[in-house]
Amino acid sequence: MANSDVRLTLWSGTNFTDRRIRFRRGGVAVRDLGAFRFNNVLSSFRLRNVVQRSEVTLVLFSRINFQGSFRVFRGSQSVANLNNFNFNNVTSSFILVGRILTSSEISQIQSTGRAPRDILVIRQ
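Per chain, the residues get numbers from 1 upward, laid out in the order the sequence is written. Local features are withheld for residues below a pLDDT of 70 in this predicted model, meaning they are given only at 70 or higher, and side-chain atom pairs are given and counted only at 80 or more; totals for whole chains, interfaces and linings count all residues. Processing note: side-chain calculations cover all non-hydrogen atoms of the structure and skip hydrogens and water entirely.

## Considering the layout of surface pockets
The rolling of a water-molecule-sized probe over the atoms marks out the regions of remaining empty space. Within this scheme a cavity is a closed region of a 1 Å grid, computed over the protein atoms alone, that accommodates a 1.4 Å probe without allowing it to escape, whereas a pocket is open but has protein on both sides within 12 Å along at least five of seven lines; lining residues each have an atom within 4 Å of a point. Grid points are joined across faces, edges and corners, and a volume is the space filled by probe spheres set on the points. If you add up the space inside the largest pocket, you get close to 220 Å³. Every residue along the wall of the largest pocket is listed here: Arg99, Glu105, Gln108, Ile109, Thr112, Arg114, Ala115, Pro116 and Arg117. Each residue receives one of three labels: charged for Asp, Glu, Lys and Arg, nonpolar for Ala, Val, Leu, Ile, Met, Phe, Trp, Tyr, Cys and Pro, and polar for the others, Gly being one of them. Partitioning the lining of the largest pocket into residue classes produces three nonpolar, two polar and four charged. Approximately 150 Å³ is the volume found for the second largest pocket. A helix here means a DSSP run of H or I that spans at least four residues, while a strand means a run of E at least two residues long, and both kinds are numbered starting from the N terminus. Per-element accounting of the lining of the second largest pocket gives the leading share, four residues, to strand E1 (residues 6-13).

## Considerations on unusual backbone geometry
Positive phi, normally seen in glycine, also occurs at asparagine 65, with a value near 60°. Within the fold, asparagine 65 resides in the loop between strand E5 (57-63) and strand E6 (67-74). Burial here depends on accessible area, computed with a 1.4 Å probe over protein chains only, as a share of the maximum for the residue type. Under 20% is buried, over 50% is exposed, and the range in between is partly exposed. Classification of asparagine 65 as partly exposed rests on a relative accessible area of 31%. The phi torsion at asparagine 86 lies on the positive side, around 55°, for a residue other than glycine. Residue position: asparagine 86 is located in the loop between strand E7 (77-79) and strand E8 (93-97).

## Remarks on the sheet that holds E5
One open sheet holds the five strands; their spatial order is E6-E5-E8-E3-E9, and the pairing between them is mixed. Looking at which strands have only one partner, the edges of the open sheet turn out to be E6 and strand E9 (120-122). Across this sheet, the average inter-strand angle for adjacent strands is 10°, counted without regard to direction. In short, DSSP must find at least two bridges between two strands for them to pair. Inspection of the sheet shows strand E3 (residues 28-30) paired to E9 by three bridges, in the parallel sense. Residue valine 28 lies in a different strand from E9, and its bridge partner there is leucine 120. Here a residue-residue contact requires only that any non-hydrogen atoms of the pair lie within 4.5 Å. To obtain each axis, a line is fitted to C-alpha atoms, and for helices this fit is confined to the stretch in contact; angles are then taken between N-to-C directions over 0 to 180 degrees. Contacts from helix H1 (residues 103-112) reach E5, E6 and E8, with the element oriented near 150° to E6.

By themselves these figures say nothing about function.
The structure is reproduced here in structure tokens:
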């Protein structure tokens, strides 16, 4: 299963510093980062698929339940400072999957507030 190959590490500080949360498997949707006391503090992250580097999508949303403005990151990457994306200390919910989500799929998630099938949804 592709989602077992996905890794995500979130940091509250820029340049991969301060408080850290790790997700060792993909296929996770966090409706409210307040569940981890991480609401509106995300500043940097590392995202990767350890088998197929290009097959991973992270969508960060500014409001809980996959609402508000959003930023999409496709493929394995490290982002040292979300200020570069005008999204520092803004994230309230996110979706992580071990495949490429299309813009249409992301729009549907935002309009319905529902995560893709077959992934773990974490609520507060």
